[in-house]
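Read off the chains here:
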Amino acid sequence: MKITVVGTGYQGLVVGTCLSESGNIVTCVDWDVEKIERLKRGELPIYEPGLSELVTRNIEEERLYFSTSLEESVQKCLLVFLCLDPVVKYSSMDDLVRPILDVAKIIARSMTGYRIIVNKVTSPPGTADRIKETVRENTSHPFDVVVNPDFLKQGTAVDDFLRPDRVVVGCEDVRVEEIMKELYSPFLRTGKPLLIMSPRSAELCKYATAVMLAGRISIMNQIADLCAEWGADINEVREAVGADSRIGPTFLFPGIGYGGIWLPKDIDSCILFAREKGIKPYIFESIQKVNIERREKFVSMILEHYNGNVQGKSIAVWGASFKARTDDIRESPAVYIIDILIEKGANLRVFDPLAGPRLREKYGSKILVTSKQYQPLEQADGLVVLTEWNEFRRPDYERMSQLMREKVIFDGRNLYTPKVMMSYGFKYYSIGRPPVG
Ligand SMILES: NC(=O)c1ccc[n+]([C@@H]2O[C@H](COP(=O)([O-])OP(=O)(O)OC[C@H]3O[C@@H](n4cnc5c(N)ncnc54)[C@H](O)[C@@H]3O)[C@@H](O)[C@H]2O)c1
């Protein structure tokens, strides 16, 4: 099938590349000229494990193309996938939908025959209807609109697309349903379901998933506070809770809270959708409040250790991306913590396995970004661990203890065992466990 993908960010690039990998001819379109030029040369503007090899292979096999011209690309394809980013700052549902409708208008005016517009942007209930209206007003050609929300996770997005837990398709036409089934069949050979539902349900199920996941994290984070205050260990409690087959072990890890640009935005959107219909969004609001409080509490814990004054302290930071296996620092709780420590006068030396270039771009000379993991520890007055990268899990404790001036660790991801930390002479603060050392 011939496909256009609009938007070449974390979502669009993965979607377009994976669809070309199964034999489709895909053109990825973006209005960012520099991004497209780089992609044409096979250079990736983002990091996703496994993506680079797939992009290179599919460019070479002449199945994957990049362009800045939406008009030209729409003229030549059957399906148009929307993978752009809606505005991040918004105060109404209209603000969220407007960028999608702007693109829909261009698509409609470029159509030369029947097209299927597939909306993969996480967008408010009713967006598909509004896309339909916009397209109808701008073309006389026949078309269909499908809602196909994405459940990709940055860091495992390629794998998530190639081996999804489920594919959701919101559509009202049986022929379109068949086309979507054919398109996704190479990725569903292990029997995972393709769920056909109404466009409204498809629009809402992405938000519902986001709320459930964020909710688990916030609930666990609040339980962590109980554990710390009552002398329990959240890791032990988490294992017992996660072993319950009604609950399961994933998304129960306490820490400095969830982040990234989309998960918090999805919960905020749910608050907006609820208010729009007179529903009181008690739970959605609490999930967000608890999440923001995490990072504030963590900073307070660090400041308290230094009697409220980190001015001139050399503090090492491990991790800045909002989660492991991504270079994305947008809305990362780590960035919030880094910002406060800078504001309070600390000298920060930061190592992140992938986010270094993004940190240098954002902070310039305000922090020292190192390319080696142990470099920030030299004569450091403390280490703050903010992202759960694998390489931070089993470090050389002996070396750390020799390098650091003050042997104190603030672990925002509970990567270490208090007893082990004590045995190396560290003062060790973590989440949901009393400090030791
Ligand atoms: N990143 C994820 O893990 C993820 C997972 C599931 C769903 N989503 C959804 O995917 C959507 C996109 O997210 P992302 O992370 O890829 O965003 P992103 O910011 O990384 O990329 C968006 C891209 O779209 C381009 N773009 C925006 N408007 C355009 C236009 N009018 N024409 C052409 N290009 C345009 C931008 O230049 C940018 O390259 C969001 O709705 C998000 O909720 C993202």
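Residues numbered from 1 in each chain as written. Predicted model: local features only at pLDDT ≥ 70, side-chain atom pairs only at ≥ 80, totals over all residues. Heavy atoms only, no water.

Colleague: It is not clear to me how the overall build of the protein should be interpreted in this structure. Could you clarify?
Modeller: A count of helices and strands for the protein gives 16 helices and 14 strands. Expected size for 437 residues packed as a compact globule is a radius of gyration near 22 Å; at 24 Å, the protein falls within 12% of this value. Each of the three principal axes of the protein carries a C-alpha extent, and together these read 70 × 50 × 40 Å. Evaluated residue by residue, the protein yields a buried proportion of 56% over its 437 residues. When contacts within the protein are restricted to residue pairs at least 6 apart in sequence, long-range pairs at least 24 apart make up 73% of them. A total accessible area of about 20000 Å² is found for the protein, and carbon and sulfur atoms account for 51% of it. Looking at charge distribution, the protein has the averaged site of its 57 positive side-chain charges lying 2 Å from that of its 59 negative ones. (Helix = DSSP H or I, 4+ residues; strand = E, 2+ residues; numbered from the N terminus. Rg over C-alpha atoms; globule rule 2.2 N^0.38 Å. Buried < 20%, exposed > 50% of the residue type's maximum accessible area, 1.4 Å probe, protein only. Contact = heavy atoms within 4.5 Å. Areas by Shrake-Rupley, 256 points an atom, 1.4 Å probe, with all protein chains shown as cover. Lys, Arg positive; Asp, Glu negative; His and termini not counted. Charge placed at Lys NZ, Arg CZ, Asp CG, Glu CD.)

Colleague: How should I be thinking about the pattern of salt bridges in this particular structure?
Modeller: Pairing between side chains of opposite charge can happen when the charged atoms of each approach one another. Considering all chains together, one arrives at 22 salt bridges under this definition. A salt bridge links Glu172 to Lys132, with the nearest nitrogen and oxygen atoms 3.0 Å apart. Taken together, the residues Glu172 in the loop between strand E7 (167–170) and helix H8 (174–184) and Lys132 in helix H6 (residues 127–138) connect sequence positions 40 residues apart. Of the residues examined, Glu172 reaches a relative accessible area of 59% and is grouped as exposed. (Salt bridge = Lys/Arg side-chain N within 4 Å of Asp/Glu carboxyl O.)

Colleague: Looking at this structure, how should I read the site of the ligand?
Modeller: Taken together, 22 residues form the shell around the ligand, and within it Gln11, Asp30, Lys35, Asp85 and Trp262 come nearest. Interatomic distance of 3.1 Å between a backbone N/O atom of Tyr10 and an oxygen atom of the ligand. Residue Thr122 places a side-chain N or O atom 3.0 Å away from an oxygen atom belonging to the ligand. For the shell around the ligand, the residue count by class is ten nonpolar, six polar and six charged. (Near = heavy atom within 4 Å. Polar contact = N/O pair within 3.5 Å; in protein donor to acceptor, adjacent residues only side chain to side chain. Nonpolar A, V, L, I, M, F, W, Y, C, P; charged D, E, K, R; others polar.)

Colleague: Got a minute to help me understand the pairing of strand E5 (residues 115–119) in this structure?
Modeller: The buried fraction of E5 amounts to five of the five residues, a majority that puts the element mostly inside the structure. Residues Arg115, Ile117 and Asn119 of E5 are buried on one face, and the alternating residues Ile116 and Val118, pointing to the opposite face, are buried as well. As paired strands, strand E4 (residues 79–82) and E5 are joined by four bridges and run parallel to one another. From the neighbouring strand, Val80 faces E5, where its bridge partner is Ile117. The sheet contact formed by E5 and strand E6 (residues 143–147) spans five bridges and is parallel. Directly across from Ile116, in E6, lies its bridge partner Asp144. In this region the chain leaves E5, passes through H6 and returns to the parallel neighbour E6; the handedness of that crossover is right-handed. (Pairing = 2+ DSSP bridges. Right-handed = clockwise from strand over helix to strand, strands pointing away.)

Colleague: Where do I start with the domain arrangement of the protein in this structure?
Modeller: Interface size, as often reported, equals the accessible area lost upon joining of the parts. Split into domains, the protein comes out as domain 1 (2–196), domain 2 (207–288) and domain 3 (293–429). Just the C-alpha atoms count here: the centres of domain 2 and domain 3 sit 24 Å apart. Counting residues at the interface gives 14 residues for domain 2, matched by 16 residues for domain 3. Taken together, the two surfaces of domain 2 and domain 3 that pack against each other cover about 1200 Å², and 49% of this comes from carbon and sulfur. Along the contact surface separating domain 2 from domain 3 lie two salt bridges. Between Arg294 and Asp225 there is a salt bridge, with the nearest N and O atoms lying 3.0 Å from each other. Inspection of the region where domain 2 meets domain 3 yields seven residue pairs in polar contact (both at pLDDT 80 or more). Elements represented by at least two residues in the side of domain 2 that touches domain 3 include exactly helix H9 (199–230) and helix H10 (234–242). Broken down by element, the residue count for the side of domain 2 that touches domain 3 peaks at three residues, all from H9. (Domains from an automatic or database assignment. Buried area = accessible area lost by both parts, 1.4 Å probe.)

Colleague: Would you take a moment to explain the side chain of Arg349 for this structure?
Modeller: Summarising the element assignment, Arg349 is placed in strand E10 (residues 347–351). Buried and unpaired, Arg349 has no salt bridge, with Glu378 as the nearest side chain of opposite charge at 5.3 Å. Among the polar contacts made by the side chain of Arg349, one reaches the main-chain carbonyl oxygen of Pro376 at a distance of 3.5 Å. Excluding residues within four positions of it along the chain, Arg349 makes contact with Ser314, Ile315, Ala316, Val317, Leu368, Gln375, Pro376, Glu378, Gln379 and Ala380.

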